[in-house]
Amino acid sequence: MTTIAADPVTSGDEELFAISYEGKALQIHWRGLPPLTRSPASRICNVGDTLLLLTTDHALYSSHLQSNRSSLDLQLLRTDVLDVDFCSGSQELFVVLTNGSVQWQIISGSGRDIQNPHAWQTLSFDPLELLAEGVRIRRVCSSAQGVVFVDSGGETYVMGSCGEVFNTEQQPRHMRLYEESKELLDLAAGKEHFVMLVAPYNRADEALQLPALHSKEDAEDEQASVKSLSSGNSERSFAANTRHLLHQGYALLHTQLFTFGASNNGLLGTGDHIRRANVARLQKVDSMGVCSIAAGLEHTVARTLDGRLYHWGLNSHQQLGEDMSSPNEITISDQTASLPANQVSALEATCGDYHTILLNASGHIQSLQPQPSLRHNQQSSTYAQTMLQLQLGAAWPRQLRLLMCSGGYTLQNQRKFQRQYHYYLSHLQSQLQMLLNHRQAVLTLDIWQRQSTHEALCALGPLLVSWERMLCLLVATLHSLEGFYRADFVQPADLLFICHHKEYIELFNDYTKSYCDVYSVNGFCQAVAAIAKLNGPLAEENYVTSLFQQPFSIYQLFVQFMELLVRTQPEYGEHRVAWAEFARHCCISQELAVNTRDFWISNERNPRIVQFRRRQRRVILTSSLVPLKLVSSVLSMSSFSYILFSDFLCQVGVNSLYSYPLTTLWVWSEGEFCLRLTTPEKSFVVATRTQEMRKVWLDQLQSSIVSALGRPLGSPVPIARSTGYEFSREHPKFSGVKACGTWRKGVLHGNCYLEYPDGSVYCGELHLGVIEGYGKMVIPSTGIYVGNFKGGRFHGHGVYEIHGKDSPESEIYEGNFCDGRFHGHGMMRNNRYMYVGEYQGNARSGYGVMEDLVTGDKYMGMFVDNKRFGIGNCITNRGDYFEGSFAGDDLVGNGVAVFENDNYYEGELTLRGPNGRGEYYMPSGDAGGGIGAFNASGEADESCELIGNKIFGQLSGSWETVRIQSGELVLNRRFHKYPSSLGRQVVDHNRKWRSLFQNFESDLENCTVNSSTIGGNASAVPDGSLRKLSGNSLSTTQLWTCIAAYISKQRNRDGSKPGNYFNNILLSMPLPHKASSPLTKARYTTNTLNKLQTEPASALDFLGFPLRRIHSQETVNSKPGGLQRADSLLSMGHNSLRDLQASSLSSFQLNQSLLNRTLNGDESSTLGESFAYNNNSISKHMNSSDCSITTKKSTSAVLDQVPSFGMAATLTEQDVVAIRLYLEQAFKNRHHPLYALNDRIANCFHFSYGYWKVKPTPILAKQAMREWESISRRIYRFVRKMFPALPEDYCHMEASREVISHITLLYPLVLSEGIYSTLFVLYANKYSRKDEMYRQNLNYAEKLKDPDLVELMGHESFLRAVMLDPKFQESVQMLKQLQEKFSPQDMLTVIQRSTQLLTEAYEHAMAANAAQLNADNMIPLTMLTMLRAAVPHLGAELALLDDLTGGPNFQAEMNGMAGYCYTTLKAAYEHVTLRALQKIS
């Protein structure tokens, strides 16, 4: 080996490359202006007397050697060239352009005609244009007769001939030269042969057992197996970066070489001279980490990442020393024993025609060819092969060939090597060589462990996989460090083990754990014994142990590298600390593994101790090493000894053995030498001899607890933590319960998950070991409850779905509970009936509405002990109406009955018929016409008089056949349409739904107590019970505190995904892993190893389904203790819950991939967030007076602060605007209590008056309106508690004279579409006859044109011109909007605006006469507008609006323009409905 040029000479310091000819440096001269920005060379090609030089900026230069052979002139030819090569046999020059096309021309022998721009021709790769985007070539490589092109997708095209492999003379054709599952990285050619370097494509997942990615973005990044990782890729997820690291290392390690050619003679490296017609694979260099190749005319050189060189081919010019038909390693060190180390390893190698040169680590060019005297005297060939590094799939980013040869020319791209880091580069190469040398032994062990069932061999599986990962990681690291060393990039931040140090450390942690798991249980010795039949080094324990210790030398080089780096670049101090900290933890882990191994060996014959031996368990400290004794109440000291394992503390007695999981162990110093240990089931004191010993035990216990909880080392021991535990059977309260959730000092406190031995499951809040707060409980064969708890019982609002044990029938109750019983307002539904109303002690008692689902009858009235008792009314499925007093589920005494056929009865009666003295009316028509005629006002109400027959006296029988016991029948008598006593025996509207409002306010009061105790101070309520705030009613400040707590609780329940409160609880818990755990019972050894039983699936199936929302209770009544069992469900606390069944948790509809998340040690979030007073919180909303709930967007910021407006003694205009804005958001936001109140009221009102299987009786219209008025007033009273400045009844604002009352403030918000629709159905039925006349007239008017309609109506002809005005059509469209409005203000606004547009239309049409619209013309125009607008059921709309705006609250509005417009529209409606339209003259 000779050094050709130690310091190449250039014409100036600015040149980025140096060129020599036959070992002599040349000076470079630029013809014309040299490039402003110099670029390195990417390719040289000798064509005759001309040297072509291609730079990385796509500039192609031609050069000629001067006669003095000391300088070279460069002249620019083109600036759009991506690659270039010359086919010497056909004398064709090919250039690949940046646009992906290929041009060629035939070159004469001298090559001086290259400069002719007209000689270029373009090759076609897709002559039939079958590909939409065409073919984009990016690489060309030529032998003497054949050419290979590579496109951007890795597809290959061939041209010319190459023996039997391909022969195509005219046009290139597509030919796949390698498998689709591989990726082409490099391509080189000699005179008659080609060499390809390929890498596997996405093969690492199975080999390295990598988990699949769940992120779509990360999965899309997996398109290429050879990926570059740098600081720019740090936005990927941690898992994706780890996969990319291993993928890159795997691809770099498992590269393969393929060869083909026109002849063989050893050129192909196949080990023979047989001529081949196909591509051959060189298996000898498989998985050796070959990273680059180069070819001379008759030989090839390949370089590996660890710095080794392999060559093969013909030795016709002594370029190899001897003929080599297969790859052989070049032993550089043997030839250069006297050279320094950095001149022995090869950074790069390339081939001339008949010689090989390399670039060593010191930057010098060295030649491996024999001395010139030994070479044959032959003319230099015009053909030369250099290697352009392919970057397909970004395999080698920013890496450029530093050394190239062509003919007698040698080019070196100048780089300033990072020589201070050569030590680490060479040692990593040595590490890679050692791992590759021992890899066959690892593969042998892998085969044995896959085929064997021996436990010791199977335990090696994770370690073998981790070892392979370490090998791939080392390969990727070495490639990255080599690029940094040769200055492909200059920022240390781009080094993989720096920019991805977290991923590196995680992989090393995994390997360390796998190694220590095996070593700590003497696994290597057992594995060697299991394969004792093998001969060789694998039969020696020391060899196997050292084999797996080898990867630990790698991270030590990283630590040393970082120490050197931070001396000059201190900004990498954080990375140095991370690696140093890992090195420290790794040493500790190995030391613990050694100590644990010695512990198990010393206790080999103690079966009580040996049963705890697990691979993942370490022995931390023992009382034999540092004395520790139990302080007993009987004796001063006990005879117990203690062993601190990594996951539990073991207490060993003479006849007993206890284990205390560290995840549920709390430790404190007590006294001078003692420690107090607290577990979920017991608390005891242990003592040491000295304070130093106590500190040792305290430190080791605390650090072990932190480690067991999965928190970073050095973290404080959390008092509150999330973990799992199983209580012992002896526990008085939680016997055999598996608990997973938040703990405080050994007590469950916060969100928890409980599984009972009988299969019951609870998920929700606990307070000081008692189920209290919001939760979900499943009771096998009984039902599911979701709601509030108190003292372990159902208490507060909740939903209970009850399942019969032997019956498929189920009941659903939604409402209030008290001490485990239905109590307060609730809704019950089963297959027989539906009930909404009050409960007392599991029985219907108080006001309620019940519908018999079998008969269709509906009862609205009082109940006592599940029976109808007291005043009420009943509506049958036929539409008959009964009203009176009930007793024993039947109507008794005096009452009223109104039938669908307009007959009615007053007197003593039952539901079946009359029962005593009474009067029975049978109308035959009205006093002046047919049946059901309207009075002068157009209303069919109780003031209308009818004529018909009347029976009075003692009556009996049924309603179908009324019998006269003693009485008389009178004919043709006049009487009212409805009984005079109608409505006198119905429940007072202020009495209805009283419990609903009481329960609502009670739940709201209890929010503060719940919030503060669950998330805050655990000692606030020692007995764990809910309490009400002091006083009979809440003050304004207390009320706002409760509202803030309520909103916070609701938001916490909804979390990021509304409706997934229980899923979010489970996701925050340390759910079980498949790995074995420490003992789960603090009991005697004989019972310790018993496994937990799997719960019955029937209990857990219910958790997978959401509860239904309308809801009975006969089942509960028939089971006196049905709801009492919650008392016996819960108690206090024993042992670790690592084997909690994941199948049980998955019944909460959780994704299995989420069952490994852990939030150990996190404090429970406080439910009661503080809401600050802010005087300016609504200032930006003051200019808006539109408070329509349907038109403004939700602004949660309005609800996040306790308002200061509406609190003073006087009410201002600004207060009104701010209150309206707040209420608008409150009634829309599902987290606010007003939203819940409105939702419950709407459900009750709809069930009472809007849920009908037949047409509802019109009698209920007035009752419904009065009930709604009462409800809205009660809501208003609650709102007044929030804003005391609001008037008790109503008031007028001084400036605007606006009326402020419950109607103007609440109706736009709470009179929703559902409430209004319920009322509208009743009113539409009440006014159906008159609206039918209106509908018929609308249908008739729709067929008429405007002139015909005006003429038919008998109006003045000039109104035709008004109807043609555009404003008239706007008025019609405005009136149509009436059917879309629900609040009285909005409806009056529509009517008033329509009238204004109608006035403008009249004035515009009559502008010539300057006529003003008067009352005589207003009604006709309004009639025309109404007929064209065709608002359905306008009579019901107007009647409902009339009742909604009744009373003094709307007096000012109705006395103004809005009232005038409403009266005009109502009068127009009366005119239209007097008679059929076609009869109007």
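Residues numbered from 1 in each chain as written. Predicted model: local features only at pLDDT ≥ 70, side-chain atom pairs only at ≥ 80, totals over all residues. Heavy atoms only, no water.

**Structural notes on the overall build of the protein**
Across its full length, the protein carries 38 helices and 60 strands. The proportion of buried residues among the 1481 residues of the protein is 57%. (Helix = DSSP H or I, 4+ residues; strand = E, 2+ residues; numbered from the N terminus. Buried < 20%, exposed > 50% of the residue type's maximum accessible area, 1.4 Å probe, protein only.)

**Re the sheet that holds strand 17 (residues 193-200)**
Sheet architecture is open: four strands sit in the order 16-17-18-19, paired in antiparallel fashion. Pairing within the sheet leaves two strands with one partner each, and these edge strands are strand 16 (182-189) and strand 19 (280-281). Note: strand 17 against strand 18 (residues 256-261), six bridges, orientation antiparallel. The residue bridging His193 from the neighbouring strand is Gly261, located in strand 18. (Pairing = 2+ DSSP bridges.)

**What to know about helix 13 (residues 573-602)**
Along its 30 residues, helix 13 runs 43 Å from first to last C-alpha, staying within 8% of the 44 Å computed at 1.5 Å per residue. Looking at helix 13, one finds that the buried residues are Gly573, His575, Trp579, Phe582, Ala583, Cys586, Ala593, Thr596, Arg597, Phe599 and Trp600. (Expected span 1.5 Å × (residues − 1).)

**Describing a nonpolar patch on the surface**
Taken together, the side chains of Leu128, Leu130 and Leu131 define a hydrophobic patch exposed on the protein surface, amounting to about 350 Å² of accessible area. With respect to the secondary-structure elements, Leu128 resides in the loop between strand 11 (121-122) and strand 12 (137-142). Given the relative accessible area of 65%, Leu128 is considered exposed. (Patch = residues over 30% accessible without salt bridge, like charges linked within 9 Å, V, L, I, M, F, W, Y side chains within 5 Å. Areas by Shrake-Rupley, 256 points an atom, 1.4 Å probe, with all protein chains shown as cover. Salt bridge = Lys/Arg side-chain N within 4 Å of Asp/Glu carboxyl O.)

**Some details on the nonpolar core**
Core analysis: the largest hydrophobic core is formed by 136 residues, its most contacted members being Tyr1222, Leu1223, Trp1268 and Phe1283. Of all the elements, helix 27 (residues 1260-1282) adds the most residues to this core, at eleven residues. Not counting chain neighbours up to four residues away, the residues in contact with Leu1223 comprise Leu1234, Val1279, Phe1283, Leu1305, Leu1306 and Leu1309. (Core = buried A, V, L, I, M, F, W, Y, C linked by side-chain atoms within 4.5 Å. Contact = heavy atoms within 4.5 Å.)

**Details of unusual backbone geometry**
At Gln91, a position not held by glycine, the phi torsion is positive, near 55°. Inspection of the secondary structure puts Gln91 in the loop between strand 8 (81-87) and strand 9 (92-97). Taking relative accessible area as the criterion, Gln91 reaches 24% and is therefore assigned partly exposed. Of note in this structure, Gln209 is not a glycine but carries a positive phi near 55°.

**Observations regarding the pairing of strand 39 (residues 747-755)**
Counting buried residues in strand 39 gives eight out of nine residues, a clear majority hidden from the surface. When strand 38 (residues 738-744) meets strand 39, the two strands line up antiparallel, connected through six bridges. Bridging from a neighbouring strand, Arg744 pairs with Val747 of strand 39. Here strand 38 folds back onto strand 39 in antiparallel fashion, the turn holding two residues, of which Lys745 has a positive phi close to 50°. Where strand 39 and strand 40 (residues 761-767) come together, six bridges link them in antiparallel fashion. Bridge pairing in strand 40 places Leu754 opposite Tyr762. Connecting strand 39 to the next strand, strand 40, in antiparallel fashion are five residues, including Gly759 with a positive phi near 100°.

**Some thoughts on the packing of helix 3 (residues 238-253) against helix 7 (residues 461-485)**
Two elements in contact, helix 3 and helix 7, have axes whose closest approach is 7 Å; the angle formed by their N-to-C orientations is 85°. When the axis of helix 3 is compared with that of helix 7, the two are roughly perpendicular. Contact with helix 3, carried on its side by Leu245, Leu246, Gln248, Gly249, Tyr250, Leu252 and Leu253, involves Glu468, Arg469, Leu471, Cys472, Leu473, Val475, Ala476 and His479 of helix 7 and no other residues of that element. Classifying every residue of the contact of helix 3 with helix 7 gives ten nonpolar, three polar and two charged. (Axes fitted to C-alpha atoms, helices over the stretch in contact; angles between N-to-C directions. Parallel < 35°, antiparallel > 145°, perpendicular 65-115°, else oblique. Nonpolar A, V, L, I, M, F, W, Y, C, P; charged D, E, K, R; others polar.)

**Some details on the sheet that holds strand 30 (residues 629-631)**
Across the sheet, four strands lie side by side as 30-36-35-34; this open sheet has antiparallel pairing. Looking at the sheet topology across the chains shown, the edges are occupied by strand 30 and strand 34 (666-670). Neighbour-to-neighbour, the strand axes of the sheet open up by a mean angle of 35°, direction not taken into account. One ladder, built from three bridges, connects strand 30 with strand 36 (residues 683-687); its direction is antiparallel. Considered in strand 36, the bridge of Val631 is made with Val685. Along the sheet, helix 15 (residues 691-708) makes contact with strand 34 and strand 35 (674-678), crossing strand 34 at roughly 160°.

**Structural notes on the confidence of the model for the protein**
Overall, the predicted model of the protein reaches an average pLDDT of 80, with 80% of residues at or above 70. In this model residues 1-13 is a low-confidence stretch, pLDDT under 50, and it forms 32 contacts with partners more than four residues away in sequence or in other chains. Low confidence marks residues 1072-1194, where pLDDT is under 50. Its contacts with residues over four positions away, or in another chain, come to 341 contacts. (pLDDT = per-residue confidence, 0-100.)

**Looking at the packing of helix 12 (residues 552-568) against helix 13**
Viewed as axis vectors pointing N to C, helix 12 and helix 13 meet at an angle of 150°, and their least axial separation amounts to 9 Å. In terms of orientation, helix 12 lies roughly antiparallel with respect to helix 13. Here the hand of the crossing between helix 12 and helix 13 comes out left-handed. Judged by residue contacts, Phe552, Tyr555, Phe558, Val559, Met562, Glu563 and Val566 of helix 12 engage Gly573, His575, Arg576, Trp579, Phe582, Ala583, Cys586, Cys587 and Gln590 from helix 13. Looking at the contact of helix 12 with helix 13, its residues break down into eleven nonpolar, three polar and two charged. (Left-handed = near helix turned anticlockwise from the far one by under 90°.)

**Notes on helix 15**
The first and last C-alpha atoms of helix 15 sit 25 Å apart over 18 residues, in line with the 26 Å expected at 1.5 Å per residue. For helix 15, the set of buried residues is Arg694, Trp697, Leu698, Leu701, Ser704, Ile705, Val706 and Ala708. Buried residues along helix 15 sit in contact with strand 29 (619-622), strand 31 (641-645), strand 32 (648-652), strand 34, strand 35 and strand 37 (720-726). A positive backbone phi angle near 80° is found at Gly710, which sits one or two residues after helix 15.

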